[in-house]
Amino acid sequence: MASPMATTTNKFLVFLLLGALLPLSTMASRSTVHGAHHGHAGHGPKHQHSPPAPSPTPASPAPAAAPPTNTAAALVRATCNSTTFPELCVAALGADPSSATADVRGLSSIAVSAAATNASGGAATAAALANGTGTGAASSNAQAAPAASGGDAAVQALLRACAAKYGSARDALSAARESIAAQDYDFAAVHVSAAAEYPQVCKTLFRRQRPGAYPAELAAREEALRQLCSVASDIIALLANTVPAANN
C-alpha cells in the first residue's frame, strides 16, 4: 500500500502535467480557429464590385448652319453684266421665278421668252390700232390718232402689216428657244437677230408711205424689243463661248 506521501506527490505531478498541457491545447485550438478564419479570408469568394457606370458624354452642339449664299442672284448679275443693257437684263430675268434655279442656258431661254412676250404685245397693239380699238387716239403723234381710229385705210393696212411683222418676230423667238434647248446656239442667235429686225420693217413701211404716222405705241414696242433681243443675243453668245454646242 502506497504511503500518503507518495500519493500526494503523484497528485501534485498530475496537476503540474495538466497545467502544462492546458495552455498548449488552448493555443492549438486558437491556432486552428485563426487558421480557419485565415483560410476563409484567403480562399473564400471575393466580393466583386461592379465598375461605376460611365457618365453620359454630353452631345456636341450641332454646328450652326452657314447662311445661304444668293448664288442665283449672283449668276444673274454676272450674266447680265456681259450684256449691252445690264439693268434691263436683270429686270427681265428677275421677273421670271425660274431664274432662281436656272443656269446660263436657262437664263438665255428666259431672256428670249421676255422678248417673245414683248413681240406678242406688239402684234396685239398693232392689231388693236388697225381695228380702231387701240389707244391711238391718245397717242402723242397727232397724225397717228385719226389714222388709228379708222380714218385712213392705208394706215390701217400698214398697222395690219406691223401686226404680222411682230407675229413673225414672236415666231422667230419661239424657234430660238427650241434651238437653245437643242444646244444649237448659232441658229438661236440667227432667230433672235431676225426677231429684232421685223419691227424695223414696220417702221420703214410707215416712213415710206405715211411719214410721221408711225404710232408712238409701236415705236416704244420696237425699241423695247430691240433691247430685249440684244440682251438675249449677248447671253447666247456668252453661252456659246462657255459651253460646247451640240453640233460642234
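Just above sits the structure.
Because the structure is predicted, anything quoted here is derived from the model rather than measured.

Caption draft 1: Here's a closer look at the overall build of the chain. If you tally the helices and strands in the chain, you get eight helices and zero strands. Along the chain, from the amino end to the carboxyl end, the secondary structure elements read α-α-α-α-α-α-α-α. For the chain, the exposed surface amounts to about 15200 Å²; the carbon and sulfur share of it is 62%.

Caption draft 2: Layout of the pattern of salt bridges. For the structure on display, the rule yields five salt bridges. A salt bridge links K203 to E222, with the shortest nitrogen-to-oxygen separation between them at 3.1 Å. Of this pair, K203 sits in helix 7 (residues 185–209) while E222 sits in helix 8 (residues 216–242); the two residues are 19 residues apart in sequence, bridging distant segments of the chain. The shortest N-O distance in the salt bridge between E223 and R226 comes to 2.6 Å. One end of the pair, E223, and the other, R226, are both in helix 8, three residues apart, so they sit about a helical turn from each other. E223 gets classed as partly exposed once you look at its relative accessible area, which sits at 33%.

Caption draft 3: Local environment of the state of the cysteines. Taken as a whole and judged by the stated rule, the model has two disulfides. The side chain of C80 participates in a disulfide bridge whose partner is C89; the two sulfur atoms lie 2.0 Å from each other. In this structure the cystine formed by C80 and C89 twists about its S-S bond by roughly -70°; its chirality is therefore left-handed. The class for C89 is buried, based on a relative accessible area of 0%. Sulfur-sulfur distance for the disulfide between C162 and C202 comes to 1.7 Å. As the torsion about the S-S bond is roughly 85°, the C162-C202 disulfide counts as right-handed. Placement of the pair is C162 in helix 6 (residues 153–181) and C202 in helix 7, with a sequence separation of 40 residues. When its relative accessible area of 0% is taken as the criterion, C202 is described as buried. Described in terms of the sequence order of its bonded cysteines, the disulfide pattern of the chain is 1-2, 3-4.

Caption draft 4: Broad picture of unusual backbone geometry. Of note, Q183 is a non-glycine position whose phi angle comes to about 60°, a positive value. The topology assignment puts Q183 in the loop between helix 6 and helix 7. Its relative accessible area of 27% is what places Q183 among the partly exposed residues.

Caption draft 5: Looking closely at the nonpolar core. Of all hydrophobic cores here, the largest spans 47 residues; its most connected members are L93, L173, F206 and L218. The greatest single-element share of this core, amounting to twelve residues, is contributed by helix 4 (residues 104–130). When neighbours within four sequence positions are excluded, L218 is seen to be in contact with G122, T125, A126, L129, L159, C162, Y166 and C202.

Caption draft 6: Inspection of the side chain of E222 at higher detail. Exposure remark for E222: the relative accessible area of 10% places this residue in the buried category. Of the polar contacts made by the side chain of E222, one reaches the side chain of K203; its length is 3.1 Å. E222 has contacts with Y166, P199, Q200, K203 and Y214, leaving out every residue within four places of it along the chain.

Caption draft 7: A look at the environment of G122. Looking at where G122 falls in the secondary structure, it is placed in helix 4. In the structure, G122 is positioned 41 residues away from A163 in sequence and 6.9 Å away in space, judged by C-alpha atoms. Apart from residues no more than four positions distant in its own chain, G122 is found in contact with Y166, L218 and R221.

Calculation rules
Residues numbered from 1 in each chain as written. Predicted model: local features only at pLDDT ≥ 70, side-chain atom pairs only at ≥ 80, totals over all residues. Heavy atoms only, no water. Helix = DSSP H or I, 4+ residues; strand = E, 2+ residues; numbered from the N terminus. Areas by Shrake-Rupley, 256 points an atom, 1.4 Å probe, with all protein chains shown as cover. Salt bridge = Lys/Arg side-chain N within 4 Å of Asp/Glu carboxyl O. Buried < 20%, exposed > 50% of the residue type's maximum accessible area, 1.4 Å probe, protein only. Disulfide = S-S within 2.5 Å. Core = buried A, V, L, I, M, F, W, Y, C linked by side-chain atoms within 4.5 Å. Contact = heavy atoms within 4.5 Å. Polar contact = N/O pair within 3.5 Å; in protein donor to acceptor, adjacent residues only side chain to side chain.

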